[in-house]
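Now for the letters of each chain:
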Amino acid sequence: MERAAVFDVDGTLVDTNHLHVATWWEAFRQAGHRVPMHAIHRAVGLASTDLIAHLLGDDRDKDRDGELSAAHKALYGQYFDRLPPLPDAGDLLRRLHGDGWKVVLATSAGGAELSALRRAIGADDAITATASADDVDEGKPAPEPVEHALELAGVPAERAVFVGDTVWDMRAGSAAGVRCVGVLCGGIPRADLEQAGADAVYDDPADLLASLAVSPLTDRVLG
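Because the structure is a prediction, the values reported are computed rather than measured.

(A) Main features of the overall build of the protein. Counting its regular elements, the protein contains 11 helices and 6 strands. Relative to the compact-globule value of 17 Å for 223 residues, the protein shows a C-alpha radius of gyration of 17 Å, a close match. The principal-axis extent of the C-alpha atoms belonging to the protein is close to 55 × 35 × 30 Å. Within the protein, the fraction of its 223 residues that count as buried is 54%. In the protein, of all internal contacts separated by at least 6 residues, the share reaching a separation of at least 24 is 64%. Of the roughly 9,700 Å² of accessible surface on the protein, 48% is carried by carbon and sulfur atoms.

Here it is, written out as structure tokens:
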């Protein structure tokens, strides 16, 4: 039977979370908002509009959301040519592909940003499909990004595993009915990931690759 390994990208396969923190902080600062970096870090992984709402609240001037998103996009875009992959990210995807898994990316990135992330990973030959922010109405923690990834793979939830680095990822995967694996390389504590639904937690892609035989990404676990 077909199996799907669904991956978040930022903070899971590419070491970008703190770049997002710094560029969101600067975008907020330019717009006159004082938002602590630790709060931004906890919100990374949400779609742009949801991140802004989470950090500024419902009483903000919503008409300026577009300006904030555009400022962040422009600031973050300066790094597109040098985004750093996390250790063994590409090797992990190629190993899973070689083992017969359908590898699908589920990310809030789209357009040029998604292209830059895929270049950083360097494993396009192993990726079956990508579910981007452009394809869904609601981002994580709603299950829609993961559900769309499963549709692209043609695999039911019980034959899939979702790997991510934030509580938003774990909640989305759990809501979609898939097993969830957390990684610590995005900077979120193990306890938070487990509480949000992670069945197992690893340091980074390299640690997951080294532990693959005893991880949720095995035939023995999925049956």
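(B) Main features of the environment of Gly177. Mapped onto the elements of the fold, Gly177 is located in the loop between α8 (167-176) and β5 (179-183). You can call Gly177 partly exposed: its relative accessible area is 48%.

(C) Just the environment of Ala153, in detail. Mapped onto the elements, Ala153 comes out in helix α7 (residues 144-153). Along the sequence, Ala153 and Val104 sit 49 residues apart, while their C-alpha atoms lie 7.0 Å from each other. Once residues within four sequence positions are removed from consideration, Ala153 is found in contact with Ala4, Lys102 and Val104.

(D) Structural detail: the nonpolar core. Counting residues in each nonpolar core, the largest one holds 43 residues, and the members touching the most others are Phe28, Ile40 and Val178. For this core, the element with the most residues is α8, which contributes 5 residues. When residues no more than four places from it in sequence are discounted, the contact partners of Phe28 are His33, Val35, Ile40, Leu51, Ile52, Leu55, Leu56 and Leu68. Residues Leu93, Leu96, Leu105 and Leu208 belong to the second largest nonpolar core, which totals 36 residues.

(E) Quick look at the pattern of salt bridges. Scanning the entire structure with this criterion turns up 11 salt bridges. The salt bridge involving Asp65 is made with Arg60; its shortest N-O contact spans 2.7 Å. Residues Asp65 and Arg60 agree in their burial class; the two are buried. Its salt-bridge partner being Asp81, residue Arg82 comes within 3.0 Å of it at the nearest N-O pair. Each of the salt bridges in this network shares a partner with another, and the network as a whole consists of Asp8, Lys140 and Asp169.

(F) Structural detail: helix α5 (residues 89-98). Of all the residues in α5, the buried ones are Ala89, Gly90, Leu92, Leu93 and Leu96. Mapping the buried residues of α5 onto a view down its axis gives an arc of 160 degrees, with all of them on the same face. The inward-facing, buried residues of α5 contact β1 (3-7), β2 (101-106), α6 (111-121), β3 (127-131) and α10 (205-210).

(G) Fine view of the side chain of Glu113. If you trace the backbone, Glu113 turns up in helix α6. Of the buried charged residues, Glu113 lacks a salt bridge, with Lys73 as the closest side chain of opposite charge at 6.9 Å.

(H) Structural view of unusual backbone geometry. Between Lys140 and Pro141 the backbone carries a cis peptide bond, its omega angle lying at 15 degrees. The phi torsion at Asp88 lies on the positive side, around 65 degrees, for a residue other than glycine. Relative to the helices and strands, Asp88 resides in the loop between α4 (65-77) and α5. Using a relative accessible area of 34% as the deciding quantity, one classes Asp88 as partly exposed.

(I) A look at the packing of helix α1 (residues 17-30) against α4. The interhelical angle for the contact between α1 and α4, taken along N-to-C directions, is 135 degrees, at an axis separation of 8 Å. In this view, α1 runs oblique relative to α4, as classed from their interaxial angle. In terms of crossing hand, the pair formed by α1 and α4 is right-handed. Only Leu68, Ser69, Ala71, His72, Leu75 and Tyr76 of α4 make contact with α1, whose side of the interface consists of Leu19, His20, Thr23, Trp24, Glu26, Ala27, Phe28 and Gln30. For the contact of α1 with α4, the residue count by class is 8 nonpolar, 5 polar and 1 charged.

About the cut-offs
- In this numbering scheme, every chain counts its residues from 1 along its sequence in written order.
- With pLDDT at 70 or above as the cut-off, local features in this predicted model cover only qualifying residues; side-chain atom pairs require 80 or more to be listed or tallied, and sums for whole chains, interfaces and linings still use all residues.
- Hydrogens and waters are ignored; side-chain quantities use all the structure's heavy atoms.
- Think of it this way: any DSSP run of H or I at least four residues long counts as a helix, any run of E at least two long counts as a strand, and we number them from the N terminus.
- Between the two quantities, the radius of gyration covers C-alpha atoms and the globule rule is 2.2 Å times the number of residues to the power 0.38.
- Relative accessibility thresholds used throughout: buried, under 20% of the residue-type maximum; exposed, over 50%; partly exposed, between the two (1.4 Å probe, protein chains only).
- Working rule for contacts: check all heavy atoms of both residues, and any pair within 4.5 Å makes them a contact.
- Residue exposure ignores everything except the shown protein chains as possible cover, and the areas themselves are Shrake-Rupley values with a 1.4 Å probe.
- In plain words, nonpolar cores are sets of buried Ala, Val, Leu, Ile, Met, Phe, Trp, Tyr and Cys residues tied together by side-chain atoms within 4.5 Å.
- Counted as salt bridges are all cases of a side-chain nitrogen of Lys or Arg within 4 Å of a carboxyl oxygen of Asp or Glu.
- By arc we mean the arc of the directions from the helix axis to the C-beta atoms, nothing more.
- Under this rule, positive means Lys or Arg and negative means Asp or Glu; His and the chain ends count for nothing.
- For helices, the fitted line uses only the C-alpha atoms of the stretch in contact; every axis is such a line through C-alpha atoms, and the angle between N-to-C directions lies from 0 to 180 degrees.
- What sets the label is the angle itself: under 35 degrees gives roughly parallel, over 145 gives roughly antiparallel, 65 to 115 gives roughly perpendicular, and the rest give oblique.
- Working rule for handedness: look at the near helix, and if it is turned counterclockwise from the far one by less than a right angle, call the crossing left-handed; if clockwise, right-handed.
- In this classification, the charged set is Asp, Glu, Lys and Arg, the nonpolar set is Ala, Val, Leu, Ile, Met, Phe, Trp, Tyr, Cys and Pro, and all remaining amino acids, among them Gly, are polar.

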